[in-house]
Each structure stands twice: as structure tokens, then as C-alpha cells.
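Overview (structure and organization)
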Amino acid sequence: MKSVHLFVYMSIAALAPVLFLLNSPASPVVAAEATPFCGMQYASGDDLPTVRTLGVTVVLQTFRHDGDPDEWLAQLDLARRHGLQVVGRLWPEGWTWDGAAWQIDEQARLFVQTVAAHPATLAVYALHEPYWRGCRTCGLTTAQQQELYRQIEAIADVPLYSEIGSITFWVDAGRATTLADGMCDYCAVSYYPFFADGSYDREQFIERLEEDLAAIRQLAPSAKLVWGLQVFAQSDAPTPRRMPTAKEIADIGAIVSEHDVDGIFWYVWKFGPLYDDFLSNHPELFPAIAQAPICARTLPAAPPTPSVGSTPRPSPTPPSPATPPPGPTSPAPSHPPQTICGSALLLGGWPLLGLLLLVSRARR
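Not measured: the values here are computed from a predicted model.

1. With respect to a negative patch on the surface
Residues Asp172, Glu203, Glu207, Glu210 and Glu211 make up a contiguous surface patch of negative charge. Structurally, Glu210 can be placed in helix α7 (residues 202–219).

Below, the structure is given as C-alpha cells:
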């Protein structure tokens, strides 16, 4: 019987690597902490492989407020499998200022708790243009935004992202709207320089970038500055915008790379009826995105090219069929089944066979 016990322990030890493989992530996420990161707004699902080929390592996505943890985690798992991190925007947000205090509903609390610890989460989207909110005097104060920051951080320890719009504009508006630490860990600003009349306001683009960068380093030194880059057209805006050319994309990409930003977001990959045009409609512009210095640093490695006259070595097992992206109710497996089964046979099969033989012999 001692021999039987010994083989039981040996078999469990041999199966431990299999259990590790079953619980290991499918693929590593490209570290967005290696700033500045190259980001794309509102890219998801089947578009993720394409944006990753452009050097993108962070995507901004919406998550349904009426979703559930399984759905939210499946969305993050999909991004992780493509080597991407996510700024997650719950929509509708789930937190509102009632004039005296913040009201955070239970679904929003559940969302923050669910996504906070996932390795694909870079940040949770907190607020969109909080100082504006429809008019110059309709927005939130810095103190009110800091209070929301404290309340969300009390739910779960997760970085927060807000799109401020402009820092220096609101500094000039007064002390109540002056940026400060404790509002956003990632504070996003932008200036869209491509106008429908064909002009490109390059000088203003550089001036705004340098002013906002200097302001955040002075006023909120703990925060990271993320700069938004225009790749959309909007004819019904107060000041209509147009799509940039490949040459113009290359220029703004080069400009931001020469400044100390912590990340960039190309705005926007795809966004319903709000815009007349956006980047996903223009594959001819993709090379300009990929060649932007900040994105070129994180292009995925190309597969090795076989040397001339060489014969590819046959694979020991046939490749598995492609698995379609998961739907909201059916998360895809996080590891190739046949690889796990092969490992189980190799690592655990023979000790288990020996165990069965010993047990059979002991019963005789």
C-alpha cells in the first residue's frame, strides 16, 4: 500500500503543470506602462486584430450598463487575447451629481468591482468633458470631480480616466475649474486641427499641446496626460471638421512624439451616426497610423521569414480551427483545447497508468 500512496503523490505532482496551464492567461498583454502608449478609441470585437497591427496597445471601449460580470469579463478577455489593454466606459455611466452629492448605482459599483483586478484593465472611464456639461457654467467643479474620484476608489483600487477637453481654457475660467491631482489618473485633452474648409491649424495644435502639457505637470503632477488625435469628419459641428490626409496624420504623429505625453488616443476608429467619417473607413490611412513614432514602437513582431530554399518543418499537430469572437453570453475559451489535452497526456497520463496497475495488483 505504501507503493500505491507513493504513486498517488507522484501522479498529483505530475498533473500540477497541467492545472497551471488550465489557469494561465492565453497571451500576455503589451505593457501600456511603457509610456507613451498608442491608443485607439471605440474599437472592439472583430476590429481588435486590425488595430493591434497598427501598433495600438490600448483601446477605449463602452461596456453596457445593463450587462453582467460574465459579459464584461468576456469583453476584457477578448482584448487581452489580442495583447490590448482597455479603458472601460460604462454606458450610461451609473454615477450622477444630484446637486449636493454623487449618486452611484449598484450596477456601476458592480462594474468597478468586476473590472478593477482584470489584467486587461488600464483604467475606468470616469467623466466626459466634466467642466462643460452642455454650457460653460453647467459643469462640475474640480472639488466635485475629486469627490467622485474618492468614492470610486473606495469601491475598488482602479485608475480613473477623464476627458477634460482643455486644461488651460478652464484654468483661465477660474479657480473652481483649475485642474488638480485626485481628479483623474489619466487626464485626456485634445485639439482637432483639420477643418472642413481644408485648413490645418498646425500652429494652434502645437501651442495647445505645449500649454496643456505644462499645465498638467504643474497643477497635477501625479496625473498622466493623454493627447487625442483627430481621425474623423463631422459636418454638423459648430466648426465642421474633415478627415486628415496620410501626410497630415504623419505630421501630428511626429509632433506628439516630440513632446512628453504619457499616451495618445486616435479619435475615432468607429462611432455610429455622430460623425460623417472615421478611421475604420480608410485602410489607406492605416500605414500612417502604424508609422507614427509612438505606435511604431509597439508594432507586433512579424513572423519569421523562411530562408530561400528551406523546407518548412511540419507541425506535429494540425492547427486548430479559428474560434470566432465570443458573444455576450458565450465567452470563448482562454486556451487552445488540444494543447491542454496534449500536455495532460504527456504530463499526467503515464503516472496515472502506473497507479492503475499498482491498484490492480494490490487487490489480487
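Having seen the structure, we can now continue with the description.
2. Examining the pairing of strand β6 (residues 121–128)
For β6, a buried count of seven out of eight residues is recorded, marking the element as mostly surrounded by other parts of the structure. With three bridges joining them, strand β3 (residues 85–91) and β6 adopt parallel strand pairing. Bridge pairing in β6 places Val86 opposite Thr121. Here β6 pairs with strand β7 (residues 160–165) via four bridges, running parallel.

3. Considering the state of the cysteines
Put plainly, a disulfide is one covalent bond tying together the sulfur atoms of two cysteines. For the structure on display, the rule yields three disulfides. There is a disulfide in this structure between Cys38 and Cys295, and the S-S distance comes to 2.1 Å. Classification of the bridge connecting Cys38 and Cys295 rests on its S-S torsion, roughly 75°, and on that basis the disulfide is right-handed. Of this pair, Cys38 sits in strand β1 (residues 37–41) while Cys295 sits in helix α10 (residues 293–296); the two residues are 257 residues apart in sequence, bridging distant segments of the chain. As far as burial versus exposure is concerned, Cys38 and Cys295 are alike and both buried. Each bonded cysteine in the protein gets a number by its place in the sequence, and the pairs come out as 1-6, 2-3, 4-5.

4. Examining the sheet that holds β6
Here we have eight strands rolled up into a closed barrel, ordered β1-β2-β3-β6-β7-β8-β9-β11, and parallel in their pairing. Across the sheet, the mean angle separating the axes of adjacent strands is 30° when strand polarity is ignored.

5. Some words on unusual backbone geometry
The peptide bond linking Trp91 to Pro92 adopts the cis configuration, its omega dihedral lying at -10°. With respect to the helices, strands and loops of the structure, Pro92 is situated in the loop between β3 and β4 (95–97). Tyr267 connects to Val268 through a cis peptide bond whose omega is 20°. By the secondary structure assignment, Val268 is in the loop between β11 (263–267) and β12 (277–278). Positive phi outside glycine occurs at Tyr42, with the angle close to 60°. Residue position: Tyr42 is located in the loop between β1 and α2 (48–52). For Glu129, which is not a glycine, the phi torsion comes out positive at approximately 45°.

6. A closer look at helix α5 (residues 142–155)
Here α5 contains 14 residues, and its C-alpha end-to-end distance of 20 Å stays within 8% of the 20 Å for a straight helix at 1.5 Å per residue. Residues of α5 that are buried make contact with β4, β5 (102–104), α4 (106–115), β6 and β7.

7. Observations regarding the packing of aromatic side chains
In this structure the tally under the stated criterion is 19 aromatic pairs. Note on Phe63 and Phe111: the rings are 5.5 Å apart at their centroids and 55° apart in plane angle, and the pair reads as tilted. Residue Phe63 is found in strand β2 (residues 58–64), and its partner Phe111 is found in helix α4; the two are separated by 48 residues along the sequence. Seen from their ring centres, Phe205 and Trp227 are 5.9 Å apart, and the 85° between their planes marks the pair as edge-to-face. Taken as a pair, Phe205 in helix α7 and Trp227 in strand β9 (residues 224–230) lie far apart in primary sequence, 22 residues in all. With relative accessibility at 0%, the residue Phe205 sits in the buried group.

Reading the values: the criteria
Residues numbered from 1 in each chain as written. Predicted model: local features only at pLDDT ≥ 70, side-chain atom pairs only at ≥ 80, totals over all residues. Heavy atoms only, no water. Patch = residues over 30% accessible without salt bridge, like charges linked within 9 Å, V, L, I, M, F, W, Y side chains within 5 Å. Areas by Shrake-Rupley, 256 points an atom, 1.4 Å probe, with all protein chains shown as cover. Salt bridge = Lys/Arg side-chain N within 4 Å of Asp/Glu carboxyl O. Lys, Arg positive; Asp, Glu negative; His and termini not counted. Charge placed at Lys NZ, Arg CZ, Asp CG, Glu CD. Helix = DSSP H or I, 4+ residues; strand = E, 2+ residues; numbered from the N terminus. Buried < 20%, exposed > 50% of the residue type's maximum accessible area, 1.4 Å probe, protein only. Pairing = 2+ DSSP bridges. Disulfide = S-S within 2.5 Å. Axes fitted to C-alpha atoms, helices over the stretch in contact; angles between N-to-C directions. Expected span 1.5 Å × (residues − 1). Contact = heavy atoms within 4.5 Å. Phe/Tyr/Trp six-rings, centres within 6.5 Å; stacked < 30°, edge-to-face > 60°.

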